[in-house]
Structure formats: structure tokens, C-alpha cells
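# Descriptive structure summary
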Amino acid sequence: MKDFMMIFIGADYQELGLSPEELQTRMGKWFAWGGKMEAAGILKGGEALVSEAKCVSGPNRTVTDGPYTESKEIIGGYYTVSAKDMDAVVEIAQDFPDYDLGGTVEIREIMVFDR
Amino acid sequence: MIKEQELDHLFRHQYGKMVSILTRIFGLSHIETIEDAVQDTFLNASLKWRKEIPENPEAWLTKAAKNRAIDLLRKIKTEHSRILNLSTGPSSIAFNQLFLEHEIEDSQLRMIFTACHPKLKPQDQIAFALKTIAGFSGKEIASALLLKESTVKKRLARARKTIKEKNLVFQLPKDKTFADRLHRVHEVIYLIFNEGFHSNQKEFLIRKDLCGEAIRLSKLILKKESYRTGSGYALFALLCFHASRLESKISEKGKIIDLKNQNRTLWFKPLIQLGKHALSKSEAYPEVSSYYFEAAIAQEHLDAKTFEETDWKKILVLYQNLNLLQETPFTSLNLAIVLLQLNENKKAIKILNSINPKDLEQRSYLYYGSKAEYHKNINEIPEAINCIEMALSMVNNAFEKKYFEEKKSMLKNKQSS
């Protein structure tokens, strides 16, 4: 088994102006997805991220306010899961709730450093 | 652990509660800031509850709203200095009291009555009510009322502007104006329900939500003893009766099914019982309302085991009373339809001829459908076919179109035989 990170990009709820009802529905879908992964014993961790951001860049450590990209490119959170291979994670990512809102799941394998 | 399904419409309902309470604290002029703040609370909850729903979700939200309110207060620097020290000290007692159940209800009532303020334009009242009391987004209101989203935004903005410019206060009307306002509140609830119940749109969920909200609001008004009236009970009964048929009104393919063809075993009995109870309560009050007769008619239909067993004579009397109280082209048309069912053709055509089909707007096809029925009853088949063709040229709903087409071919068979 290897570890992977699913990075959730786009579908910023604030930007989209979802109603309380819609927010609740969305939350329910995330809840169900998380529960499913947990029951399968593959979920290792994950967080949701606040959308306000600061960026530090360049030799002068220039600080700028986010959002530094278009809102559809903002990272909203991540999950780490353990799976056989990339294809298995692609399968897991089918249940990501926000594709219809323009969201994207980027899957990256977590590098293991040899001792 | 709390399951997600148990939350029901928690966010939507809690939204209305919180906006109402905070408006009571900070004043109506700050409603836009308040709505944004409450929206933020839900945004937050929707992210935080992904992993785990708190043990007592409602308490979590209330606490978040309270904190949000304190933040707000610092930001707004309101003149309400008496509640400046909200988290501790003597004013915190008054502040916390506002979050008690009956005070929350009181705040919500204030919001409903504010939404129906005569200074607001009628069409703005409905949009404003759906937004602030029921937590619908602009997009949801647009889809529920068959409007453009930009139109809804305009209406909401105009309502907020009027509130500020006319300095409306967040209070329940007193004395003379009260009865008028309550009347309008009933009317707005009735309209919200009708949008959900009668519109021909496909989006079943949003329609169901509209009906549900209307019932919730009309129930909320009956909770307060001094607000109970015959009209209020009759309205609640009417909404229950209609809502009991909601599921049977839509086919699996999303088509609308008329009363005659509905599966009566699908009618939701507990709602019918609730409605009957309310209707009998309304009879204890001296005033009669159009809601009363409408509810009584609905009850007659619900009591008939089959369409053929419908007691048209009773329904006729009820329609006559309704028409006496409040004659509209729709009540007249319904009266004529009942007369046709009873084969009272002369009386029926007299009423039909008094209606201008244009006044029926998108439902004018029903006028021609009824006229066809009249001609068929007195054996004027070519005229009946003409009328069906008129109806067919106007009807949008596919199910009803099919109904008229079948009727037409039946008449053609009759003509050739």
C-alpha cells in the first residue's frame, strides 16, 4: 500500500453564493464520502482550508494577499488516503462531491524517503 | 453520533431564526450585514462538519451566531450601548434570553410581519420573505418563482432600500393596522404555497420546499395565541390538504397528474388529519374566509374514495359560497366545471360566457377545455372539437396536452359513429 494526497481545487462555496440548504446538502455529501473512506480504513487524514491566503515570494520575501490565482484554482483542502495504486485513488475520487461546481481533484503520491 | 440525515432542513430553518434574532438585536437597518454574517456561519459549519457533526448541531450554530453577533456589534458600533457588554455582565442576561425558544419564535414573527409591510411592494415582499425567513438564495428564489436571477436581486435590493429609506422598524404591528397586516401575511404564505403547488415546472424539490416553508410559517403564526384566527386555521388546513396530495401529483417521469387520475392511496393521511383538525378549529371563529371554503372543497375531494364518488352537490354549494365571498375568474371557472360535472349545462354556459379567458392567463386552456365539455354534454360534437383544439393550442404541460388529445380523438370517434 502507498499513501496518496487528494488535493481539492476550485468550487469555492463562498464565491458561489450557495444557500444554507445547498451548503447543508454539500456538507452531507462530504460527510458520507469521508465516512465511506473511514469505514474502508483507507482515510489517513485531511483538512479543509480557509480561503483567505497570504503569499510570500521572491528574494525580498514580498508578502501579498490572496487570492493569488483565480478562485477556481484555489486549494480548498486535502485528504490523505492509503491505496494500492493511483488507479485505486482515481476510483475513490469518483465520490468527490463538487465536480458539478467546477471542482477538481488532483491526486499525488506521497514520496517515501529511503533511509 | 449524529447522522447527517437527521439534520433535515436544519441550515435553512436555522438561517431564518438567526437572521431574525440578530435583526432584533441590531436593528433592521443592518439586515444586509447580518445576512452576510449568518451566511458565513453556515459556510463555516459546512466545512467543519464534513468530518464530524457536533453532538448538538443547533446549539453549535446558535453559539456561533452569538459569537458572530458580538463580532458584528464591535464592527457596527451600534448605538445600542445597553447591550454592549454582551458576553458578561447584566446585559448578557437580556441578550441570552433572546435565544430562548419562544423569543426566537417572536423574532421570526417580527420578520414575517416586516416582510409583509405595506411600504414594500407586493412582489418584493415574497422575495424578501423567502430570503430572510426561509434562507433561499437568489438563484433558488428565481427558480421557485420562475423569474430571472437578476430580477430577484433587484427586488431584494429594492426591499432593503425601502427598509432603510422609510426607516421601517422591526416590530409587530399594533391595534388597527394589525388585522390588515395579518391578512397580508396569510396572503403571502398562500402565494408562496401556490407557487410551489400549482406551477408547472419540473424542479420538484424546490416546489416541495416552497410548500413546506409555507406550512411551517402558517403553523408558526398559529403558535401565538393572540394571532389565532379563523382565517389562520383555515389557511393552515388548506395547505395541509393540498400538501397531502403533493406526492401523488407528480408521476415518476415528472409529469403532472390531475385530481381525477391521482393514486388516492398515496395521499398522506397524517396531513389530512392535521388539516381536518385545523378546519374544525377555524369554525369556532365568527369570520369566514375564502381559505375556509377552499379548504372545505379540498376536504370534500379528499373524502371521496374515488373520483366518481365525489360529492359534487356539496362542492357546488361550497363554490357558490366562495364565489359570493370573493369572485375571481378562477372561482367562476371552477364553479362552471362543477356544474358541468352535475350536468347543469345551462347554468354552466351562462357562467362560462361571463368569463374573459384572457383573465385566466396561462390557464386559459382550462376555459376552452370546459367549454368543450359543455358542447359535448349537449351533443354539439363539432363545436366541442373546436374548443379542444383551442385548448390544445394553449396548453404547455405535456400530460395535459395528452389528456386533451385523447379527448379529441374520442370526440372524433363519436362524430363518425
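Residues numbered from 1 in each chain as written. Chains lettered and ligands numbered in written order. Predicted model: local features only at pLDDT ≥ 70, side-chain atom pairs only at ≥ 80, totals over all residues. Heavy atoms only, no water.

Going by an unreviewed UniProt entry, chain B carries the name RNA polymerase sigma-70 factor (ECF subfamily) and comes from Saonia flava.

The name given to chain A in an unreviewed UniProt entry is YCII-related domain-containing protein, with Saonia flava as the source organism. As recorded by UniProt, the Sequence similarities (unreviewed entry) comment attached to chain A reads in full: "Belongs to the YciI family." (UniProt positions renumbered as here; feature names shortened; annotations may be inferred.)

### Structural notes on the interface of chain B and chain A
Much of the literature gives interface size as the accessible area that the parts lose upon coming together. The interface is formed by 27 residues belonging to chain B together with 18 residues belonging to chain A. Interface area, chain B with chain A, both sides summed: about 2000 Å², of which 61% is carbon and sulfur. Taken together, chain B and chain A are joined by two salt bridges. Between Glu47 of chain A and Lys51 of chain B there is a salt bridge whose closest N-O contact spans 3.7 Å. Taken together, chain B and chain A are joined by six residue pairs in polar contact (both at pLDDT 80 or more). For the side of chain B that touches chain A, the leading source of residues is helix H2 (residues 31-48) of chain B, giving seven residues. (Contact = heavy atoms within 4.5 Å. Buried area = accessible area lost by both parts, 1.4 Å probe. Salt bridge = Lys/Arg side-chain N within 4 Å of Asp/Glu carboxyl O. Polar contact = N/O pair within 3.5 Å; in protein donor to acceptor, adjacent residues only side chain to side chain. Helix = DSSP H or I, 4+ residues; strand = E, 2+ residues; numbered from the N terminus.)

### Notes on the nonpolar core
One recurring pattern in soluble globular proteins is that nonpolar side chains are buried together. Ranked by internal contacts, the top residues of the largest apolar core, which has 153 residues, are Met6 and Trp33 of chain A together with Phe11 and Trp49 of chain B. Considering every element that reaches this core, the biggest residue donor is helix H11 (residues 230-244) of chain B, with ten residues. Excluding its chain neighbours within four sequence positions, the residues that come into contact with Trp33 of chain A are Met6, Phe8, Tyr79, Ile92, Ala93, Asp95, Phe96 and Pro97 of chain A. (Core = buried A, V, L, I, M, F, W, Y, C linked by side-chain atoms within 4.5 Å. Buried < 20%, exposed > 50% of the residue type's maximum accessible area, 1.4 Å probe, protein only.)

### A short note on the confidence of the model for chain B
All names here are of chain B. On average, residues of chain B carry a pLDDT of 86, and 91% of them reach 70 or more. For chain B, per-element mean pLDDT is lowest for helix H4 (residues 91-97), which scores 70, and highest for H11, which scores 96. Here the predicted complex scores 0.80 on pTM and 0.80 on ipTM. (pLDDT = per-residue confidence, 0-100.)

### Some points on the side chain of Arg155 of chain B
Mapped onto the secondary structure, Arg155 of chain B falls in helix H8 (residues 149-165). Within the buried core, Arg155 of chain B has no salt-bridge partner, and the shortest N-O distance to an opposite charge, that of Asp124 of chain B, equals 4.5 Å. (Lys, Arg positive; Asp, Glu negative; His and termini not counted.)

### Describing helix H5 (residues 101-115) of chain B
The terminal C-alpha atoms of H5 of chain B lie 21 Å apart, and with 15 residues this matches the ideal 21 Å at 1.5 Å per residue to within 8%. Across the 15 residues of H5 of chain B, 13 count as buried, placing the element largely inside the fold. (Expected span 1.5 Å × (residues − 1).)

### A closer look at the packing of helix H15 (residues 329-341) of chain B against helix H17 (residues 364-377) of chain B
Residue and element names in this part refer to chain B. Direction vectors running N to C along H15 and H17 enclose 25°, while the axes themselves pass 10 Å from each other. Viewed along their axes, H15 and H17 adopt a mutual orientation that is roughly parallel. Where H15 crosses over H17, the handedness of that crossing is left-handed. On H17, the residues that touch Leu333, Ile337 and Leu340 of H15 are Leu366, Tyr367, Ser370, Glu373, Tyr374 and Asn377. The residue inventory of the contact of H15 with H17, partitioned by class, reads six nonpolar, two polar and one charged. (Axes fitted to C-alpha atoms, helices over the stretch in contact; angles between N-to-C directions. Parallel < 35°, antiparallel > 145°, perpendicular 65-115°, else oblique. Left-handed = near helix turned anticlockwise from the far one by under 90°. Nonpolar A, V, L, I, M, F, W, Y, C, P; charged D, E, K, R; others polar.)

### Here's the deal with the environment of Ala295 of chain B
Residues and elements named next belong to chain B. Along the chain, Ala295 turns up in helix H13 (residues 290-303). A relative accessible area of 0% means that Ala295 is categorised as buried. Each C-alpha atom, one on Ala295 and one on Leu239, is 8.0 Å from the other, the two residues being 56 residues apart in sequence. Every residue in contact with Ala295, bar those within four places of it in the chain, is listed here: Ala234, Ala237, Leu238, Phe241 and Leu279.

### Some thoughts on the packing of aromatic side chains
All chains considered together, the criterion is met by 24 aromatic pairs over all chains. Taking the centre distance of 5.7 Å and the plane angle of 75° together, the rings of Trp33 of chain A and Tyr79 of chain A count as edge-to-face. With a gap of 46 residues between them, Trp33 of chain A in helix H2 (residues 20-39) and Tyr79 of chain A in strand S5 (residues 75-83) connect regions that are remote in the sequence. Overall, the relative accessible area of 3% leaves Trp33 of chain A in the buried class. One aromatic cluster is present, formed by Phe8, Trp30, Trp33, Tyr79, Phe96 and Tyr99 of chain A through successive ring pairs. When the ring centre of Tyr227 of chain B is taken as reference, the NZ or CZ atom of Lys224 of chain B above it lies at 5.3 Å. (Phe/Tyr/Trp six-rings, centres within 6.5 Å; stacked < 30°, edge-to-face > 60°. Lys NZ or Arg CZ within 6 Å of the ring centre and 35° of its normal.)

### Quick look at unusual backbone geometry
Although it is not a glycine, Ala11 of chain A sits at a positive phi angle of roughly 55°. Tracing the sequence through the fold places Ala11 of chain A in the loop between strand S1 (2-9) and helix H1 (13-16). On the accessibility criterion, Ala11 of chain A (13% relative accessible area) is buried. Positive phi outside glycine occurs at Asn343 of chain B, with the angle close to 65°. Looking at the secondary structure, you find Asn343 of chain B in the loop between H15 and helix H16 (345-354).

### Considering H16 of chain B
Residues and elements named next belong to chain B. Here H16 has its buried residues at Asn345, Ala348, Ile349, Ile351 and Leu352. Seen along its axis, H16 keeps its buried residues to an arc of 160°; they face one direction. The exposed residues of H16 that point more than 90 degrees off its buried face are Lys346, Lys347, Lys350 and Ser354. Buried-residue contacts for H16 involve H15 and H17. (Arc of directions from axis to C-beta.)

### Details of the packing of H11 of chain B against H13 of chain B
Residue and element names in this part refer to chain B. Where H11 meets H13, the axes come as close as 8 Å, and the angle between the chain directions of the two elements is 30°. In the packing of H11 onto H13, the handedness of the crossing is left-handed. Listed contacts from H13 to Ser231, Ala234, Leu235, Ala237, Leu238, Phe241, His242 and Ser244 of H11 are Tyr291, Tyr292, Glu294, Ala295, Ala298, Gln299 and Leu302. For the contact of H11 with H13, a count of residues per class yields ten nonpolar, four polar and one charged.

### Some thoughts on the side chain of Arg50 of chain B
Its location among the elements puts Arg50 of chain B in the loop between H2 and helix H3 (57-76). It turns out Arg50 of chain B is buried and unbridged, and the closest side chain with the opposite charge, Asp98 of chain A, is 4.4 Å from it. In this structure, Arg50 of chain B is in contact with Tyr13, Met27, Trp30, Phe31, Ala48 and Asp98 of chain A, ignoring residues within four places of it in sequence.

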